[in-house]
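# What the coordinates show
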Amino acid sequence: MHPLEVLRAGLADLQVRGLHRRRRISDTPCAPRIRIDGRDVVAFASNDYLGLANHPELIEALSQGARQYGAGSGGSHLLGGHSRAHALLEDTLAEYCGGFARNPRALTFSTGYMANIAMLAALAGPGATLYSDALNHASLIDGARLARADVRIYPHGDAAALGEMLAADAHAGVKIIVTDAVFSMDGDIAPLADLLALAERHQAWLAVDDAHGFGVQGSDGAGSVAALGLRSPLLVYMGTLGKAAGVAGAFIVAEETVIEWLIQRARTYIYTTAAAPALAHAAISSIGIMRGGDGQARRARLAGHIEMLSAAIGTRRTTGTGQASGLPRAGAACAGSETACLPRSSTAIQPVLVGANQAALDLAETLLAQGFWAPAVRPPTVPPGTARLRLSLSAAHEPADIERFIEVLSAS
Ligand code: PMP
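Scoring rules and cut-offs
- Residues numbered from 1 in each chain as written.
- Predicted model: local features only at pLDDT ≥ 70, side-chain atom pairs only at ≥ 80, totals over all residues.
- Heavy atoms only, no water.
- Buried < 20%, exposed > 50% of the residue type's maximum accessible area, 1.4 Å probe, protein only.
- Helix = DSSP H or I, 4+ residues; strand = E, 2+ residues; numbered from the N terminus.
- Pairing = 2+ DSSP bridges.
- Near = heavy atom within 4 Å.
- Polar contact = N/O pair within 3.5 Å; in protein donor to acceptor, adjacent residues only side chain to side chain.
- Areas by Shrake-Rupley, 256 points an atom, 1.4 Å probe, with all protein chains shown as cover.
- Nonpolar A, V, L, I, M, F, W, Y, C, P; charged D, E, K, R; others polar.
- Domains from an automatic or database assignment.
- Buried area = accessible area lost by both parts, 1.4 Å probe.
- Salt bridge = Lys/Arg side-chain N within 4 Å of Asp/Glu carboxyl O.

What follows covers the pairing of strand β1 (residues 33-36). Of the two faces of β1, the one holding I34 and I36 is buried and the one holding R33 and R35 is not buried anywhere. What sits between β1 and strand β2 (residues 39-43) in their antiparallel hairpin is a turn of 2 residues, with D37 showing a positive phi close to 45°.

Pasting the structure below:
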């Protein structure tokens, strides 16, 4: 078959299985009220949890950064692209979320995807074993592959099962436990304190991807590790700057020695152009907002939104048909159920489980026709049979947006 025909057949197959993905074009800044594909909608789609992506101070900081440092970095960090803005951002991040380490230091990356690959591939060497949560993000899965380590998957959020695996692996090689802190498609939180206790007992690294917790978790937004007051030199913390922080990029905070090792060995740090310094300059402003009164007020407002939406969708029940009018998705509702269930989410990520791919797409289309963008997420992003709407809340939503959405969803 002609190579193009192979691809055409593959695309047709994705269509038939309800797995074909499409992009929608937005003509407006990232905000709950956006214009996509020429239609005005209220979106529950972005990771702009604090509503900072469109904050005037950040927009100003970005332009000021561009005036000061230019539009691009011009090179990789080790060959001329490392600017004062990157250095200042590193210091700010180490101070903000490095409370868990003795000598915290930070390193910035162009994206969270690259930071995760760096974290795993550089820490693991030959003979290393990686213990990875079954629902970890794709970038951690890819990082584990590139680490060329022996990868063991432990059941989602199950520290007891992980403990048994670690106890059974009495070899002396490097061990790394890796987990999302807030799971990107379910919104539940990893048992970080239990995982850290295991890491300490077995002298393993605990690599935490806090893409969805940084800026949101903890009273000052310093993230999921700080929120629990955990402390250990074995912690390696990854946060992203394109979600709650409203800009772009990512970072790792860890003990000084770990960061120095990453600078020497992390290929996704060394062999890529440094992000525009203006982005780092804007991220410093963003952290200022997140740590201050404005950030606190935004987290409080978001918490109110989460309570409202989770109370409404947490009570939905299954029809047994895979249709959207109420599959169980939370806590006690799941016990003994034969239908797939999701754990209760207390975060800004609120999934509504649908089941079948096409049913999830149909529900998303129905909602879109009524002015709400609630994206359907399907395999392989989520396990087969658990297609869902992935709703994400922002402090920039109005309570009325959520009330109206709940009404429309309930009637769909
Ligand atoms: N980790 C998690 C849990 C994520 O959800 C994402 C982005 N969706 C990433 C890492 C990657 O971050 P970035 O978008 O900055 O590449």
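Next comes the rest of the account.
By the secondary structure assignment, S76 is in the loop between α2 (56-69) and α3 (84-97). Put simply, S76 and P375 are 299 residues apart on the chain and 35 Å apart in space, counted from C-alpha to C-alpha.

Let's shift gears to the site of the ligand. As a structural note, the neighbourhood of the ligand is formed by 13 residues, with G112, Y113, D209, H212 and K243 the closest of them. D209 places a side-chain nitrogen or oxygen 2.6 Å from a nitrogen atom of the ligand. K243 has a polar side-chain atom sitting 3.3 Å from a nitrogen atom of the ligand. Burial of the ligand by the protein amounts to 79% of the accessible area it has alone, namely 390 Å². The element contributing the most residues to the shell around the ligand is helix α4 (residues 112-123), with 3 residues. Split by residue class, the shell around the ligand holds 2 nonpolar, 8 polar and 3 charged.

Here the chain is described as being made up of domain 1 (23-49 + 348-411) and domain 2 (56-291). With centres defined by C-alpha atoms, the gap from domain 1 to domain 2 works out at 28 Å. Sorting the residues of domain 1 by area buried against domain 2 places N47, Y49 and I349 first, and these three jointly supply 50% of that buried surface. Counting across the interface, domain 1 meets domain 2 through 1 salt bridge. The shortest N-O distance in the salt bridge between D186 and R388 comes to 2.4 Å. Taken together, the links from domain 1 to domain 2 amount to 5 residue pairs in polar contact (both at pLDDT 80 or more). Sorting the residues of the side of domain 1 that touches domain 2 by element identifies β10 (349-355) and β13 (387-392) as the ones contributing at least two each. Of the residues contributing to the side of domain 1 that touches domain 2, the split by class is 6 nonpolar, 2 polar and 3 charged.

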